[in-house]
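Residue-level listing of the chains:
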Amino acid sequence: QTHVLIVVGLCCLPGIFSFTVPLPVPHLLSASRSRSCSAGLKSSGLRPPVSGPLTGFRSASLVRRQSSTSASGIVAKLPQDETEEARKNRAKAVQEASKSWKYTYDYNIKVPFLERMDGEIPSTETPSREWGVLAALALVRFLVSLLWISGNLGGLETRLRILLTLYFNFVRKLLFLSLKALVTLKPFLVVTELPEIIEGVFTEDIMKLRPEAVDNFKFFGLFDLEQYQAQRAKELGDDEAFCRKRVQGPNPMTLQPCTSETLSKLKMPAETKAAAKGRVLYCVDYGVVEKFGESLDVVSGLVKFSMGPVALFAAGGNTLEVLGIQPTKDMDMVTPKDGDKWTLAKTVFNSVDGDYHEGFVHLGETHLVMESVMVALHRTLPDAHPLYKLMHPHFEGTATINDQADSGLISSGGIVDQLVSQPIEKLNIDIGEHVLQTIKGDFSFPARLKNRKMDSVEFEFPYKEDGELIWDATLNWVRDYLSIFYGENGEKIAGDYELQNFIKEVSSTEGGKVLWMENYDNSLETLAGFLAAVIFTGSAQHAAVNFPQYSYMTFTPSFPLGMYAKPGLSADLVDFLPPIGKGLLQALVGALLGGVYYTKLGEYKDSWFKEGEVKDALGRFQAALRVAEDKIKARNEHRAVAYTTLLPSKIPQSINI
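In every chain, residue numbers begin from 1 and rise along the written sequence. Local features in this predicted model are restricted to residues whose pLDDT is 70 or higher, and side-chain atom pairs enter the listing and the counts only when it is 80 or higher, whereas totals over whole chains, interfaces and linings include all residues. For the side-chain quantities, the full set of heavy atoms in the structure was used; hydrogens and water were omitted.

### Some remarks on the overall build of the protein chain
- In this text, helices come from DSSP runs of H or I with a minimum length of four residues, and strands from runs of E with a minimum of two, each type numbered from the N-terminal end. Helix and strand content of the protein chain: 24 helices and eight strands.
- In the protein chain, which comprises 657 residues, the share counted as buried stands at 61%.
- The contact rule is simple, with two residues in contact once any of their heavy atoms fall within 4.5 Å. Restricting the contact set of the protein chain to residue pairs at least 6 apart, pairs at least 24 apart contribute 78%.
- As displayed, the protein chain has an accessible area near 24,700 Å², and 53% of this comes from carbon and sulfur atoms. A 1.4 Å probe rolled over the protein chains alone gives each residue an accessible area, and that area as a share of the maximum for its type sets the label: buried under 20%, exposed over 50%, partly exposed in between. Note on areas: Shrake-Rupley, 1.4 Å probe, and residue coverage restricted to the protein chains presented here.

Here it is, written out as structure tokens:
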């Protein structure tokens, strides 16, 4: 282990040192997007799933404002409270900003996206050197662990081949890029040229190498990744752990009371019907996914299969009990008494749940929802507007991350295409429709719980219980903030023409398409609810669906994003699982996206808010978050497994990874 740490540390020192050179850092993180990608990683459009820094560096600034009139040093004012000359200057500033902030609907997913002018995001979103250092450290943390592969990959020959590939291809390229970054004073090369760094890891033979046992996916021997992988491996046969994933795992967003339509298509055995009688039943129905059928993997040439499982649960006291899973519409329900078939059925379900989580719940309902509002904010509001001051920190890093997602993650041949079972072109169409449906109505935390009738349940639901604390604190903060500028009853809202322009832009079918605000009633309560929903989405909601990737999804058998056996449960578990190379790629993405933290909810830069009343309101918000932290910690002492994802201290301010 010491040898590995020294080797990788020496390789990375030049690159990390280059970040300390006090010279302007060029904008390097937005390479021109490529619309055509051929098979294989080198030409697949693979770009780094840009990650934020490690915990402990939360105060660093990700975005360096290029203008000397930074919003950080401006006292917020409504336009009607400004002089005529000041109003003209504000209008000019907005007009200039709108040249860089334009909507487009022509990227991989047909939703409101920021148009990258000449292939780049606006210069005001250029990541700072501090962010670059921390992103590089996050990358090194994962790669050091990956290099120290535990001896679970099969025979000696297999292990030696992979280790030699990692050392001689990966380490050599990392050293070269680090030295290049130092010489050229371009520190982001270590991060932006990640495909070059990892190309040697994902060689063709590794991407096709089939696993011989579940333990083949225990890659890591360092840090806490080994601990999480061991824990997930033990849970494969644990039905209580399977249920917990639905209420405090990566995707707590799909469980809901069973509808008559769902129940009517379940082929329950008599014993299951008896167990369900008289009980409150809950379902997760992925039947719609079955339509995707088969798809050909772009790298390995192997066939991947989509299934449409439906899981049936019943409330049992303070917990959930899983009664059965129907893997496809034509198969009978499998129950906990069916031995190995039951383990396979749970694996099939988790695979589809993982795919749905990544595309719809994580990318769609957080990243892309925030993109719609972010562009409207910059197109219509000047730096000095109170809403800009309130909301801008909650979009920090989002433009950069979403650019990376569109060009590298969800493109044809990109990372998602290589991992999930569904063909990416068809999947992107469904994700786009889902996003537009989400922003058509109220997407606040309580509304979404109510819409799926999960606002009042009899069993333990940590995501809901802890989320309510964060939501209440956020809503009260936004309401207090708006009252300072608009009055207790919002009497100054109607006269704020800049706000009206923002609402018009964000709700327009030719703008943000957030139809929720299409008929805004000029009330303070409606505005507070909408802005609180946006803040919650970019902070707590993203935290809830992003960070469990690290603890749950870095062990591929727990959530295999691709299924490699035909529908039916006659095969062995390893036949369903992806090749070892795919498992490595899934682990890399999960560790980078879910294992790093940047900024902290409620902590703004010291000079961001100038107004005394605002500082007082912010103090109340921060106090409420501290109370929430203590309550969640107390709850965790009595939970079977602690739920730490929504601890305020672990919620970033924005989507920056």
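### Details of the packing of aromatic side chains
- Only the six-membered ring of Trp is used, alongside the rings of Phe and Tyr, when aromatic pairs are assigned; centres must lie within 6.5 Å, and planes under 30 degrees apart are stacked while those over 60 apart are edge-to-face, with the rest tilted. As enumerated under the stated definition, the model contains 26 aromatic pairs in all.
- On the basis of an interplanar angle of 15° and a centroid distance of 6.1 Å, the ring pair of Phe242 and Phe313 is categorised as stacked. Taken together, the residues span a long stretch of sequence, with Phe242 in helix α9 (residues 239-248) and Phe313 in strand β7 (residues 310-316) at a distance of 71 residues. Note on accessibility: Phe242 and Phe313 belong to one class, buried.
- With 5.0 Å between their ring centres and 80° between their planes, Phe443 and Trp516 make a pair best called edge-to-face. One end of the pair, Phe443, is in the loop between α16 (424-438) and α17 (445-451); the other, Trp516, is in the loop between α19 (497-507) and α20 (524-546), with 73 residues separating them in the sequence.
- Of the residues examined, Phe443 reaches a relative accessible area of 5% and is grouped as buried.
- Judged by relative accessible area, Trp516 falls into the buried class, the value being 19%.
- Through a chain of ring-to-ring contacts, the aromatic side chains of Tyr282, Phe445, Phe459, Phe461, Tyr463, Trp471 and Phe536 assemble into a single cluster.
- Over the face of the ring belonging to Phe242 we find Arg246, whose NZ or CZ atom lies 4.7 Å from the ring centre.
- Put simply, a charge is over a ring when the Lys NZ or the Arg CZ is close to the ring centre, within 6 Å, and near the line of the ring normal, within 35 degrees. A cation sits over an aromatic face here: Lys389 above Trp608, 5.1 Å from the ring centre.

### Comments concerning the sheet that holds strand β8 (residues 319-326)
- Two strands qualify as a pair provided that DSSP identifies no fewer than 2 bridges between them. Here we have four strands laid out as an open sheet, ordered β3-β4-β7-β8, and antiparallel in their pairing. The sheet is open, and its two borders are formed by β3 (256-257) and β8, each paired with just one other strand.
- Here β3 pairs with strand β4 (residues 281-285) via two bridges, running antiparallel. When the sheet's bridge partners are listed, Gln256 is paired in β4 with Cys283.
- Lying on the sheet, α9 is in contact with β7 and β8; it crosses β8 at an angle near 100°.
- In this fold helix α12 (residues 340-380) packs onto β4, β7 and β8, with an angle of close to 95° to the strand it touches most, β8. To obtain an axis, a line is fitted to C-alpha atoms, over the contacting stretch when the element is a helix, and the angle between two such axes runs from 0 to 180 degrees between their N-to-C directions.

### As for the environment of Glu294
- Along the chain, Glu294 falls in strand β5 (residues 294-296).
- Taking relative accessible area as the criterion, Glu294 reaches 54% and is therefore assigned exposed.
- For the pair Glu294 and Phe305, spaced 11 residues apart in sequence, the C-alpha separation works out to 4.6 Å.

### Observations regarding the state of the cysteines
- Two cysteine sulfurs form what is called a disulfide whenever their separation falls within 2.5 Å. Evaluation of the coordinates by the stated rule reveals one disulfide.
- With a sulfur-sulfur separation of 2.0 Å, Cys258 is cross-linked through a disulfide to Cys283. Residues Cys258 and Cys283 are joined through a disulfide that is right-handed, its torsion about the S-S bond being 90°. Within this pair, whereas Cys258 is found in the loop between β3 and α10 (260-264), its partner Cys283 is found in strand β4, the two being separated by 25 residues in sequence.

### Section: the pattern of salt bridges
- The working definition used for a salt bridge is a side-chain nitrogen of Lys or Arg within 4 Å of a carboxyl oxygen of Asp or Glu. Evaluation of the coordinates by the stated rule reveals 28 salt bridges.
- For Glu468, the salt bridge goes to Lys464, with nearest N and O atoms at 2.9 Å. Here Lys464 and Glu468 lie together in helix α18 (residues 462-486), a separation of four residues that amounts to about one turn.
- For Glu468, a relative accessible area of 29% corresponds to the partly exposed category.
- Taking the relative accessible area as the measure of exposure, Lys464 reaches 10% and is therefore buried.
- Residues Lys633 and Glu629 are paired through a salt bridge, measuring 3.7 Å at the closest nitrogen-oxygen approach. With Lys633 and Glu629 both in helix α24 (residues 612-636) and four residues apart, the pair spans about one turn of that helix.
- What makes Lys633 partly exposed here is its relative accessible area of 44%.

### Some details on the packing of α12 against α20
- At a closest axis distance of 10 Å, the pairing of α12 and α20 adopts a crossing angle of 150°. With respect to α20, the axis of α12 lies roughly antiparallel. Crossing angle aside, the handedness with which α12 passes α20 is left-handed. Of α20, the residues touching α12 (which contributes His357, Val361, His362, Glu365, Thr366, His367, Val369, Met370 and Val373) are Phe530, Val534, Thr537, Gly538, Gln541, His542, Val545 and Asn546.
- Each residue gets one of three labels, nonpolar for Ala, Val, Leu, Ile, Met, Phe, Trp, Tyr, Cys and Pro, charged for Asp, Glu, Lys and Arg, and polar for the others, Gly among them. Along the lines of polarity and charge, the residues of the contact of α12 with α20 split into seven nonpolar, nine polar and one charged. Here the word oblique covers every angle except those under 35 degrees (roughly parallel), over 145 (roughly antiparallel) and from 65 to 115 (roughly perpendicular). Less than a right angle of anticlockwise turn of the near helix away from the far helix marks a crossing as left-handed, whereas a clockwise turn marks it as right-handed.

### Section: the nonpolar core
- Counting 156 residues, the largest nonpolar core has Trp477 and Phe502 as its most contacted members.
- Top element by residues in this core is α12. It accounts for 18 residues.
- Only buried residues count toward a nonpolar core, which is a set of Ala, Val, Leu, Ile, Met, Phe, Trp, Tyr and Cys residues joined through side-chain atoms within 4.5 Å. One finds Leu266, Met268, Leu312 and Met333 within the second-largest nonpolar core, a separate group that totals 11 residues.

### As for the side chain of Arg232
- Residue placement: Arg232 occurs in helix α8 (residues 225-235).
- Ignoring sequence-local partners within four residues, the contact set of Arg232 consists of Ser551, Tyr552, Phe555 and Ser558.

### Quick notes on the confidence of the model for the protein chain
- Predictor confidence is given residue by residue as pLDDT, running from a minimum of 0 to a maximum of 100. Here the protein chain averages 83 in pLDDT, and 78% of its residues register 70 or above.
- Scored below 50 in pLDDT, residues 1-8 makes 14 contacts in the model with residues more than four places away or belonging to other chains.
- Considering only residues more than four positions removed or in separate chains, one finds that residues 12-69, a stretch of pLDDT under 50, has 184 contacts.

### Focus: the pairing of β4
- Most of β4 is tucked away: four of the five residues are buried.
- In the sheet, β4 pairs with β7 via five bridges, with the strands oriented antiparallel. Bridge pairing in β7 links Asp285 to Val310.

### Notes on helix α2 (residues 84-100)
- Here α2 is 17 residues long and its end C-alpha atoms lie 26 Å apart, about the 24 Å a rise of 1.5 Å per residue gives.
- For α2, the secondary structure elements touched by its buried residues are α12 and α19. Multiplying one less than the number of residues by 1.5 Å gives the expected span of a helix.

### Examining α20
- The terminal C-alpha atoms of α20 lie 31 Å apart, and with 23 residues this matches the ideal 33 Å at 1.5 Å per residue to within 8%.
- Of all the bends found along α20, the most pronounced is centred on Thr537 and spans about 45°.
- Burial within α20 is extensive, with 21 of its 23 residues counted as buried. Across the chain, bend at a residue is computed as the angle between axes fitted to the seven residues ending at that point and the seven starting from it.

### Thoughts on the packing of α12 against α19
- Closest axis-to-axis distance for the α12/α19 pair is 9 Å, and the angle between their directions is 145°. For the element pair α12 and α19, the recorded crossing hand is right-handed. Residues Ser372, Val373, Ala376, Leu377, Arg379 and Thr380 of α12 touch α19, and the partners they reach there are Glu498, Asn501, Phe502, Glu505 and Val506.
- Counted by class, the contact of α12 with α19 contains five nonpolar, three polar and three charged residues.

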